[in-house]
Amino acid sequence: MDWNHICAVILAGGQSSRMGFNKALLDIGGQPMIRILIDRVRPLAGQILISSNDASSYRFLNFPVIPDRFAGRGPLAGFHAAMNSNSCLLYLILACDLPNLQTPVMRNLLTLADGYDAAIPRTSDGLAHPLCAVYRRTCLKSIEKALLRGTNKVIETFLNQSLTIRWVEPGEGNFTDSDLANINTPEDLRRLKLPPN
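Residues numbered from 1 in each chain as written. Predicted model: local features only at pLDDT ≥ 70, side-chain atom pairs only at ≥ 80, totals over all residues. Heavy atoms only, no water.

Draft legend 1. View of the sheet that holds strand E5 (residues 65-66). Taken in spatial order, the seven strands of this open sheet run E5-E4-E1-E6-E8-E7-E9, and their pairing is mixed. Every other strand in the sheet has two partners, leaving E5 and strand E9 (165-168) as the edge strands with one partner each. In terms of strand pairing, strand E6 (residues 90-95) meets strand E8 (residues 132-136) through five bridges, oriented antiparallel. Note that in E8 the partner of tyrosine 91 across the bridge is tyrosine 135. With respect to the sheet, helix H2 (residues 75-84) is in contact with strand E1 (6-11), strand E4 (47-51), E5, E6 and E8, its orientation differing from that of E1 by roughly 145°. (Pairing = 2+ DSSP bridges. Helix = DSSP H or I, 4+ residues; strand = E, 2+ residues; numbered from the N terminus. Contact = heavy atoms within 4.5 Å. Axes fitted to C-alpha atoms, helices over the stretch in contact; angles between N-to-C directions.)

Encoded structure:
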């Protein structure tokens, strides 16, 4: 796999309303959570982009910050803006609040996307995790159409289009439910058990 054709996009544009502060900058073991995720994805991607409308908060990371073209439309607008900012073939889209996500899991998703428009993991409860997934550039037209017709939900965009999706179960992707756990509330943070580095 040619890593130069892979772009990692860290979604850091949410309001973090349930947390009460910017969770991307949450201190986890002495580092901002977004920095931990970037360090883990760096070996896999030729480019790393931060999806946010607040460039000043992420200047310290020294990566391009890409603002939305469709304001107030959530993560799907982040996908769209990132894909329009370059010409990569594969996009590893990651929410900024995945402190347990490890490099091998991301590498597996990239490998499993071969021959598909997207590879989206599902936890053991059947819940899809589209904000920790791989999307091919072929998805861009469907994403743009969804935004133009007013759809904001990421998963609906891919269920309602003629795109080939590889649904990755825990055994196939070699991940556990906790690997994909996000930090949305102070209670989630209290329950967080970090894996060994």
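Draft legend 2. Examining the nonpolar core more closely. Membership of the largest hydrophobic core comes to 36 residues, with the highest contact counts inside it found for Ile10, Ile34, Ile50, Leu94 and Leu101. Taken together, the elements giving at least two residues each to this core come down to E1, helix H1 (33-41), E4, E6, helix H3 (103-112) and E8. Examining the composition of this core, we find that five residues originate from one element, H3, more than from any other. For leucine 94, the contacting residues outside a window of four places in its chain are Val9, Ile10, Leu11, Leu37, Val41, Leu101, Met106, Leu131 and Cys132. (Core = buried A, V, L, I, M, F, W, Y, C linked by side-chain atoms within 4.5 Å. Buried < 20%, exposed > 50% of the residue type's maximum accessible area, 1.4 Å probe, protein only.)

Draft legend 3. Representation of the pairing of strand E7 (residues 118-121) in the model. Judged by which residues are buried, E7 turns out to be covered on both faces: Ala118 and Ile120 on one side and Ala119 and Pro121 on the other are all buried. Pairing analysis gives two bridges linking E7 to E8, with the strands arranged antiparallel. Each bridged residue has a counterpart across the sheet, and for alanine 119 the counterpart in E8 is valine 134. Where E7 meets E9, four bridges bridge the pair, whose relative direction is parallel. Looking at E9, one finds that alanine 119 is bridged to arginine 166.

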